[in-house]
There are 2 protein chains.
Amino acid sequence: MRELDPERTVWRNGEKADSATVQLDLADPAIQHGLGLFETLAVRDGRCVDLDAHLDRLISDAFKFLERPIERAAVRAALQSSAAEKPDEPGWVKLIVTGGGEWFVFGGAVDPAEEGRPIRAVILPWRRGPAGPLSGMKTLNYGANVLGLRYARERSTEEGLWFNHRGRLLEGCWSNVFVWRQGKLYTPSTREGLLSGVVRARVIDAAKELGIAVHDGPLKIKRLLHADHVFVTSSLRGLCPVTHIDGRAVGRAGKDEVVTRLSRSIGRRHPEVPGVTFS
Amino acid sequence: MRELDPERTVWRNGEKADSATVQLDLADPAIQHGLGLFETLAVRDGRCVDLDAHLDRLISDAFKFLERPIERAAVRAALQSSAAEKPDEPGWVKLIVTGGGEWFVFGGAVDPAEEGRPIRAVILPWRRGPAGPLSGMKTLNYGANVLGLRYARERSTEEGLWFNHRGRLLEGCWSNVFVWRQGKLYTPSTREGLLSGVVRARVIDAAKELGIAVHDGPLKIKRLLHADHVFVTSSLRGLCPVTHIDGRAVGRAGKDEVVTRLSRSIGRRHPEVPGVTFS
C-alpha cells in the first residue's frame with residue numbers, strides 16, 4: 001500500500017525532499033489523532049486539473065479542522081511544479097496537510113485505461129449515521145473507506161456504496177454517485193453528509209447547461225437498482241458507468257448516452273478532466 | 001498538541017529511538033489513510049496497568065483492521081521497559097501500530113490530581129450512526145473525538161458525550177459512561193458501537209462482585225439527566241464523577257458512595273488502577 005511514487009519529486013513545506021526517506025514527526029497530530037487533510041488531483045498535459053477548486057476546499061476545511069491557515073501560493077506552486085515535471089505523462093498529485101503544520105506534495109503516473117472504465121459495485125453492509133463532525137471534509141480519517149473498499153474487492157468489484165441509517169445512498173469509497181432514470185438525473189444531497197467531489201460539481205453544471213433536471217433528494221436502494229443508468233465520478237477516473245450492483249446488472253442497454261452527453265459537455269470547456277469524451 | 005515526552009525513551013520496532021527525531025515514513029498507510037491502532041496505558045510503580053487486556057484488544061483489532069499479526073512479546077517488552085524506566089513516577093505509555101508494520105512505544109508523566117477528579121460534560125451536537133466498520137476499535141481515525149473534545153473545552157468542560165441517531169448514549173471522547181439510579185448501574189451496550197474500555201470492564205466485574213445489577217440496555221438523555229450519579233471511566237484517570245451536563249448539575253448530594261464502593265472493590269484486587277480508593 002505504498003503510495004509515494006519515487007518517480008516524481010516529493011515536496012515538504014515548499015522544499016524538495018528525498019522521496020525514499022521523507023518522513024513525518026511521530027508527534028504530529030496527523031499520526032496521533034488523524035488531524036490532517038488531503039486532496040488528490042489529476043494531472044494532464046503537465047497541469048493540475050481543477051487546481052483551485054481542490055485548494056478552495058482544502059483551505060476552507062483547514063480552518064475548521066486544523067485551525068490553521070494554508071500558504072496557498074506555496075502549496076499551489078509545489079502542485080504546479082510536480083504536475084509540470086512530466087508534461088507528457090498523465091498522472092496524479094496528492095497534497096497532505098497535517099495538524100502539526102506540515103504539508104507534502106507527491107505524485108505518480110495513472111493508467112489511462114482506468115479513466116471512464118465501467119465498474120462493478122457492492123452495497124456495503126454497514127450503514128452510516130447522521131452527518132458527523134468530519135462529514136464533507138476530506139480528512140486522513142479514511143479507515144472506514146479502506147475497509148469498505150477491501151469489502152468490495154473481496155467480492156471482485158471496484159467500489160463499495162455507503163447508505164445511511166435511513167436506507168439512503170450517500171457515496172462510494174472513492175466516488176460520488178449519479179442515477180439516471182426517466183430523463184432525470186439524481187445524486188445524493190450534500191446535506192446527508194458526503195464528500196462533495198470536484199467532478200460531481202462539473203457534472204451538475206453540465207447537466208444544467210444541457211437542460212437536464214438534477215435532483216439531490218433522498219435516493220433509496222430501490223431507485224438505484226431500477227435506474228436506467230448509474231455512474232460514479234472521481235477526480236482521477238472521471239465518469240465511470242456502473243454495470244453491476246451486488247452482482248445484478250443495472251441500467252439498460254443503449255441508455256448510457258447520458259454519460260456521453262454529459263462528458264461531451266464537460267469536455268468542451270474542460271477537455272483536461274479525466275475520462276471525458278472530447279468530441 | 002505534541003504528545004511525545006522526551007523524558008522517556010521512544011521505542012521503534014523494538015529498538016530505542018531518539019525521541020526528538022523519531023519519524024514515520026510518509027508512505028505508511030497510517031498517515032495516508034488512518035490505517036493504524038493505538039493503546040494508552042497507565043503506569044504505576046514502574047509497571048503497565050492491565051497490560052494484557054490492552055494487548056489482547058490491540059492484537060485482535062490488528063488482524064481485522066491492519067491484516068497483520070503483532071509481535072506480542074517484543075511489544076510487551078518495550079511497554080514494560082518504558083514503564084520500568086521511572087519506577088517512582090506515575091505516568092502513561094502509548095503504543096501505536098501502523099498499517100505499514102511499524103510500532104512505537106513512548107510515554108510521559110501524569111498529573112495525579114487528574115485521577116478521579118470530578119468533571120463537567122456536554123452533550124455533543126452531532127449524532128453518531130449505526131455501528132460502522134471501525135466501531136469498537138481504537139484506531140488512529142480520531143478526528144471526530146478531537147472535534148468533540150474541542151467543542152467541550154470551548155464550553156469550559158472536560159468531556160463531550162456522544163449519542164446515536166436514536167438518542168441513546170454511547171460514550172465520551174476519552175471515556176466510557178456509567179449511570180447510577182435507584183440502586184441500579186447502567187452503561188451503554190457495546191452493541192451500539194462503542195469502545196469497550198479496560199476500566200469499564202473492571203467496573204462491571206466489581207459491580208457483580210458487590211451484587212449490583214448492571215444494565216447495558218438503551219440509555220436515553222432523560223435517564224442521564226435524572227441520574228442519582230453519573231461517572232466516567234478511563235485508563236489514565238480511573239473513575240471520575242460527572243458533576244454537570246450541559247451546565248446543569250447532575251446527581252444528588254451524598255449519592256456518590258457508589259463510586260467509592262466500586263473503586264474500593266477494584267482497588268482491593270487491583271490497587272494499581274488509577275483513581276481507585278485503596279482503603
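Provided above is the structure to which this section pertains.
Residues numbered from 1 in each chain as written. Chains lettered and ligands numbered in written order. Predicted model: local features only at pLDDT ≥ 70, side-chain atom pairs only at ≥ 80, totals over all residues. Heavy atoms only, no water.

J.: Hey, could you run me through helix 5 (residues 198-209) of chain A in this one?
T.: For an α-helix, the turn length of 3.6 residues means that residues three or four places apart are oriented alike. Compared with an ideal rise of 1.5 Å per residue, which puts 12 residues at 16 Å, helix 5 of chain A spans 17 Å between its outermost C-alpha atoms and is within 8% of the ideal. Trailing helix 5 of chain A by a residue or two, Gly211 of chain A shows a phi angle of about 75°, which is positive. (Helix = DSSP H or I, 4+ residues; strand = E, 2+ residues; numbered from the N terminus. Expected span 1.5 Å × (residues − 1).)

J.: How should I be thinking about the interface of chain B and chain A in this particular structure?
T.: Think of interface size as the accessible area that goes away when the parts come together; that is how it is often given. Of the residues lining the interface, 45 residues belong to chain B; the matching set on chain A comes to 45 residues. Both sides of the chain B and chain A interface together cover about 4000 Å² of buried area, and 63% of this is carbon and sulfur. The interface formed by chain B and chain A holds 2 salt bridges in total. With a shortest N-O distance of 3.4 Å, Arg150 of chain B and Glu67 of chain A are connected by a salt bridge. The tally of links between chain B and chain A comes to 21 residue pairs in polar contact (both at pLDDT 80 or more). Of all the secondary-structure elements, those providing two or more residues to the side of chain B that touches chain A are strand 3 (23-25), helix 1 (29-33), helix 2 (51-66), strand 6 (91-98), strand 7 (103-109), strand 8 (119-128) and helix 4 (143-154) of chain B. (Contact = heavy atoms within 4.5 Å. Buried area = accessible area lost by both parts, 1.4 Å probe. Salt bridge = Lys/Arg side-chain N within 4 Å of Asp/Glu carboxyl O. Polar contact = N/O pair within 3.5 Å; in protein donor to acceptor, adjacent residues only side chain to side chain.)

J.: What's the story with the relation of the copies chain B and chain A in this structure? I'm lost.
T.: The pair of chain copies shares a relation made of a rotation about an axis and a shift along it. In the superposition of chain B on chain A (RMSD 0.0 Å, axial shift 0.0 Å), the rotation amounts to 180°. The operation mapping one copy onto its partner corresponds to a two-fold rotation axis. Measuring from the rotation axis to each C-alpha of chain B, the shortest distance belongs to Gly129 of chain B, at 1.6 Å. Both copies share a contact surface, since 100% of the interface residues of chain B are interface residues in chain A too. (Least-squares fit on C-alpha atoms with pLDDT ≥ 70 in both.)

J.: I would appreciate a short explanation of the packing of aromatic side chains in the present structure.
T.: Here the distance between the centres and the angle between the planes together describe a pair of aromatic rings. Summed over all chains, the structure comprises 10 aromatic pairs over all chains. Taken together, a centroid distance of 6.2 Å and an interplanar angle of 90° make the contact between Trp92 of chain B and Phe106 of chain B edge-to-face. In this pair, Trp92 of chain B sits in strand 6 while Phe106 of chain B sits in strand 7, placing the two residues 14 residues apart along the sequence. With respect to burial, Trp92 of chain B and Phe106 of chain B carry one shared label: buried. An aromatic cluster of three or more residues is present, and its members are Trp126, Tyr151 and Trp162 of chain A. One cation-aromatic arrangement involves Lys94 of chain B over Phe38 of chain B; the distance from NZ or CZ to the ring centre is 4.7 Å. For Arg155 of chain B, the ring lying beneath its charged end belongs to Tyr151 of chain B, and the centroid distance is 3.6 Å. (Phe/Tyr/Trp six-rings, centres within 6.5 Å; stacked < 30°, edge-to-face > 60°. Buried < 20%, exposed > 50% of the residue type's maximum accessible area, 1.4 Å probe, protein only. Lys NZ or Arg CZ within 6 Å of the ring centre and 35° of its normal.)

J.: So what exactly am I meant to see when it comes to helix 3 (residues 72-84) of chain B here?
T.: All names here are of chain B. Taking 1.5 Å as the rise per residue, helix 3 with 13 residues should run 18 Å; its terminal C-alpha atoms sit 18 Å apart, in good agreement. Of all the residues in helix 3, the buried ones are Val75, Ala78, Leu79, Ser82 and Ala83. Relative to the axis of helix 3, the buried residues are bounded by an arc of 135° and lie together on one face. Taken together, the buried residues of helix 3 touch strand 1 (10-12), strand 4 (36-44), strand 5 (47-48), helix 2, strand 6 and strand 7. (Arc of directions from axis to C-beta.)

J.: Before we go on, may I ask you to explain the nonpolar core in this structure?
T.: In summary, soluble globular proteins display a tendency toward joint burial of nonpolar side chains. Membership of the largest hydrophobic core comes to 31 residues, with the highest contact counts inside it found for Leu26, Ile31 and Phe106 of chain A together with Leu26, Ile31 and Phe106 of chain B. Taken together, the elements giving at least two residues each to this core come down to helix 1 (29-33), strand 6 (91-98) and strand 7 (103-109) of chain A together with helix 1, strand 6 and strand 7 of chain B. Counting residues in hydrophobic clusters, the runner-up holds 28 residues, among them Leu124, Val177, Ile245 and Val250 of chain A. (Core = buried A, V, L, I, M, F, W, Y, C linked by side-chain atoms within 4.5 Å.)

J.: Before we go on, may I ask you to explain the sheet that holds strand 7 of chain B in this structure?
T.: Hydrogen bonds between backbone atoms are what pair the strands of a sheet, whose relative direction is either parallel or antiparallel. All names here are of chain B. With respect to topology, 6 strands assemble into an open sheet ordered 2-1-7-6-4-5, the strand pairing being antiparallel. Because the sheet does not close on itself, it has two edges, and the strands there are strand 2 (15-17) and strand 5. Two strands pair when backbone bridges link them, and strand 6 and strand 7 are joined in this way by 7 bridges, in the antiparallel orientation. Residue pairing in the sheet places Trp92 in a bridge with Gly108 of strand 7. Against the sheet, helix 2 contacts strand 4, strand 5 and strand 6, and its axis sits at roughly 175° relative to strand 4. Along the sheet, helix 3 makes contact with strand 1, strand 4, strand 5, strand 6 and strand 7, crossing strand 7 at roughly 20°. (Pairing = 2+ DSSP bridges. Axes fitted to C-alpha atoms, helices over the stretch in contact; angles between N-to-C directions.)

J.: Please explain the packing of helix 2 of chain B against helix 3 of chain B as it appears in this structure.
T.: Two quantities define a packed helix pair, namely the angle between the axes and the distance from one axis to the other. Residue and element names in this part refer to chain B. Put simply, helix 2 and helix 3 touch, their axes get as near as 11 Å, and they point 140° apart. It follows that helix 2 is oblique to helix 3 by the angle criterion. In the packing of helix 2 onto helix 3, the handedness of the crossing is right-handed. Within the contact between the two elements, helix 2 uses Leu51, Asp52, Leu55, Asp56 and Ile59 and helix 3 uses Arg72, Val75, Arg76, Leu79 and Gln80. Among the residues forming the contact of helix 2 with helix 3, the class breakdown is 5 nonpolar, 1 polar and 4 charged. (Parallel < 35°, antiparallel > 145°, perpendicular 65-115°, else oblique. Left-handed = near helix turned anticlockwise from the far one by under 90°. Nonpolar A, V, L, I, M, F, W, Y, C, P; charged D, E, K, R; others polar.)

J.: Would you mind going over the environment of Leu224 of chain B with me for this structure?
T.: Mapped onto the fold, Leu224 of chain B is located in helix 6 (residues 221-225). C-alpha of Leu224 of chain B to C-alpha of Pro188 of chain B: the two residues are 36 residues apart in sequence and 11 Å apart in space.

J.: Just to check I follow, could you spell out the pairing of strand 15 (residues 238-245) of chain A for this structure?
T.: The side chains of a regular strand alternate between both faces of the sheet. Residues and elements named next belong to chain A. Of all 8 residues that make up strand 15, 6 are buried, and the element is covered over most of its length. The pairing of strand 8 (residues 119-128) with strand 15 spans 3 bridges and is parallel. From the neighbouring strand, Ala121 faces strand 15, where its bridge partner is Ile245. Of the pairings in the sheet, the one linking strand 14 (residues 229-234) to strand 15 comprises 4 bridges and is antiparallel in character. Residue pairing for strand 15: Val232 is matched across the bridge by Cys240. Counting the residues that bridge the hairpin from strand 14 to strand 15 gives 3 residues. Inspection of the sheet shows strand 15 paired to strand 16 (residues 248-249) by 2 bridges, in the antiparallel sense. Bridge assignment links Ile245 to a residue of strand 16, and that residue is Arg248.

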